[in-house]
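Structure assessment
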Amino acid sequence: MIIVMKADILPESPEVAQVIRLAERYPNVKADARKIQGATRVLTEVYLLGSTATLPQEPFEEFPAVEKVIRIRERYRSIGRHEGQVEAIGFTYRGIRFSQEDFHIFPGLCAVDSPENTDSMFRALQTLGIRTTRAGAYKPRTSPYDFQGHGKTCLPYVFELAGKYGIQIIAMEVTHEGQIGEIRDALATAGHPTGVMLQIGTRNAQNFELLKAVGQQQEFPVLFKRGMGITLDESLNACEYVATAGNSNIIFCLRGMKTQLGEPHRNLVDFGHVPVVRRLTRLPVCVDPSHAVGKKAAAPDGILDIQHVTAQGVIAGANMVLVDFHPRPEQALCDGPQALLLEELAYFIQDTELVRRAYVERCKLRAEFSPTAS
Ligand code: PEP
Ligand code: MN
């Protein structure tokens, strides 16, 4: 059960303490107050966990500071969109807002290779007014002989260059809990010129200890990449681990499923699940066309498959696009063949924003035909 408190009631307020005291009088019920950044306001939700099936709603509804009481489904207790719970989870990080209403493009390096290439990438982003990027320092690779990322040694120049070019957020994969501390220390040493969104890669989608570790900190939001060989339900449950550990600032990323049925693409594109994740959860949804398609082939219309699948995700309501670029793909130490060129960046952004506008128009059309639909 979730008790939604009225506006301006903070988790540490006496009104919330009163709700918690009442809840914990019932046997085997635990209460946990969380501050939720909704799409339009910040609100406090008190989660009642444990033996809540027979818990009555009325005593909680009678508190003047309670806005409403929501009985939650068994599935996705923390990230789920429950009956009567219209407010989507969102958050603001480094001045940039993420929710199911917003839209951002994160073009960047799959893996950081050199300060020169990082500089070229970030400079190109600044020229086009983009403040969000990706840059891998810790790379999980199929073969132990492949480049594993420069690790913490590249963080000082990556953060310094991000500051120089006004980059506010870098999506950066972590493969081990200890790397969170390395990122935190490097950001502090650099004077916090930028921020980091911790990426959980598809291979770690069920690394429960890592999920708990990113959930136990609130400093960095989490970009969770769907497991490539597990069900959607299993991936959503993985996000529950992050949220129940204490961090609801999660973005769910679709990146394709591993099966030969997707050939000649690297993975089978799964962006048809964008509306499904938006319906089942309150999380913003990201698509990664680069790791889904894995190559730079174009259709007869001249448009790259990577752009066509980006459009499929965005026209269906995706809130974020994570995409590989490289100034010199032949020098890339990881995923060069799928990286777009900096010369293609302006066109990619314009094409993607055109599709986003079309999605916004689709929503308006939907509202015209059905004014009561939410
Ligand atoms: C990546 O984004 O660099 C990456 C390794 O992605 P995934 O975990 O989806 O394979
Ligand atoms: Mn990659």
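Each remark here, short or long, concerns the structure printed above.
Summarised in this report is the structure supplied together with it.

What counts and how
- Residues numbered from 1 in each chain as written.
- Chains lettered and ligands numbered in written order.
- Predicted model: local features only at pLDDT ≥ 70, side-chain atom pairs only at ≥ 80, totals over all residues.
- Heavy atoms only, no water.
- Donors = N, O, S within 2.8 Å, 3.2 Å for Na, K, Ca; no water.
- Buried < 20%, exposed > 50% of the residue type's maximum accessible area, 1.4 Å probe, protein only.
- Pairing = 2+ DSSP bridges.
- Helix = DSSP H or I, 4+ residues; strand = E, 2+ residues; numbered from the N terminus.
- Axes fitted to C-alpha atoms, helices over the stretch in contact; angles between N-to-C directions.
- Core = buried A, V, L, I, M, F, W, Y, C linked by side-chain atoms within 4.5 Å.
- Contact = heavy atoms within 4.5 Å.
- Expected span 1.5 Å × (residues − 1).
- Near = heavy atom within 4 Å.
- Polar contact = N/O pair within 3.5 Å; in protein donor to acceptor, adjacent residues only side chain to side chain.
- Areas by Shrake-Rupley, 256 points an atom, 1.4 Å probe, with all protein chains shown as cover.

Another aspect to go through is the coordination of the manganese ion (ligand 2). Coordination of the manganese ion (ligand 2) by the protein involves Cys110 (SG), His291 (NE2) and Asp335 (OD), with metal-donor separations of 1.9 to 2.3 Å. Take Asp335: its relative accessible area is 18%, and that puts it in the buried class.

Here we come to the sheet that holds strand 1 (residues 2-5). Sheet architecture is open: four strands sit in the order 2-3-1-4, paired in antiparallel fashion. Only two strands of the sheet have a single partner each, and these edge strands are strand 2 (29-37) and strand 4 (66-70). Across the sheet, the mean angle from the axis of one strand to that of its neighbour is 20°, orientation sign disregarded.

What follows is about the nonpolar core. Core analysis: the largest hydrophobic core is formed by 97 residues, its most contacted members being Val158, Phe159 and Ile183. Setting aside residues up to four positions removed in sequence, Ile183 forms contacts with Tyr138, Leu155, Phe159, Met172, Val174, Val196, Leu198 and Phe220. Counting 18 residues, the second largest nonpolar core, distinct from the first, contains Met1, Ile3, Ile9 and Ala23.

Look at helix 3 (residues 115-127): 18 Å from first C-alpha to last across 13 residues, which is about the 18 Å you get at 1.5 Å a residue. Regarding helix 3, the residues found buried are Asn117, Thr118, Asp119, Ser120, Met121, Phe122, Ala124 and Leu125. With its phi angle positive at about 75°, Gly129 sits one or two positions after the end of helix 3.

Take the pairing of strand 3 (residues 42-50) next. The pairing of strand 1 with strand 3 spans three bridges and is classified as antiparallel. In the strand pairing of strand 3, Ile2 is matched with Tyr47. Pairing of strand 2 with strand 3 involves nine bridges; the strand directions are antiparallel. Of the residues in strand 3, the one forming a bridge with Ala31 is Leu48.

A few words on unusual backbone geometry. Residue Pro264 follows Glu263 across a cis peptide bond; omega there is 10°. Note that Pro264 resides in the loop between strand 12 (250-254) and helix 8 (274-280). A positive phi angle, close to 70°, is found at Asp8, a residue other than glycine. Following the sequence through the fold, Asp8 ends up in the loop between strand 1 and helix 1 (14-23). Among the residues examined, Asp8 registers a relative accessible area of 75% and is labelled exposed. Unlike most non-glycine residues, Asp335 shows phi in positive territory, near 55°.

A few words on the sheet that holds strand 12. A sheet is described by the order of its strands in space; here eight strands give the open sequence 7-14-13-12-11-10-9-8, paired in parallel fashion. Looking along the sheet, the strands with just one partner apiece sit at the ends: strand 7 (104-108) and strand 8 (132-134). For this sheet, the mean inter-axis angle between neighbouring strands, taken without regard to orientation, is 25°. This element, helix 6 (residues 208-215), spans strand 10 (195-200) and strand 11 (222-225) of the sheet and lies at about 160° to strand 10.

For the rest of this paragraph, the subject is the site of ligand 1. Taken together, Cys110, Arg134, Lys139, Glu173, Gln199, Gly201, Thr202, Arg203, Lys225, Arg255 and His291 make up all the residues around ligand 1. With respect to ligand 1, the side chain of Arg134 contributes an N or O atom lying 2.7 Å from an oxygen atom. Between ligand 1 and Thr202, the relevant distance is 2.8 Å, taken from an oxygen atom to a main-chain nitrogen or oxygen of the residue. The fraction of the free accessible surface of ligand 1 (300 Å²) that becomes covered by protein chains is 97%.

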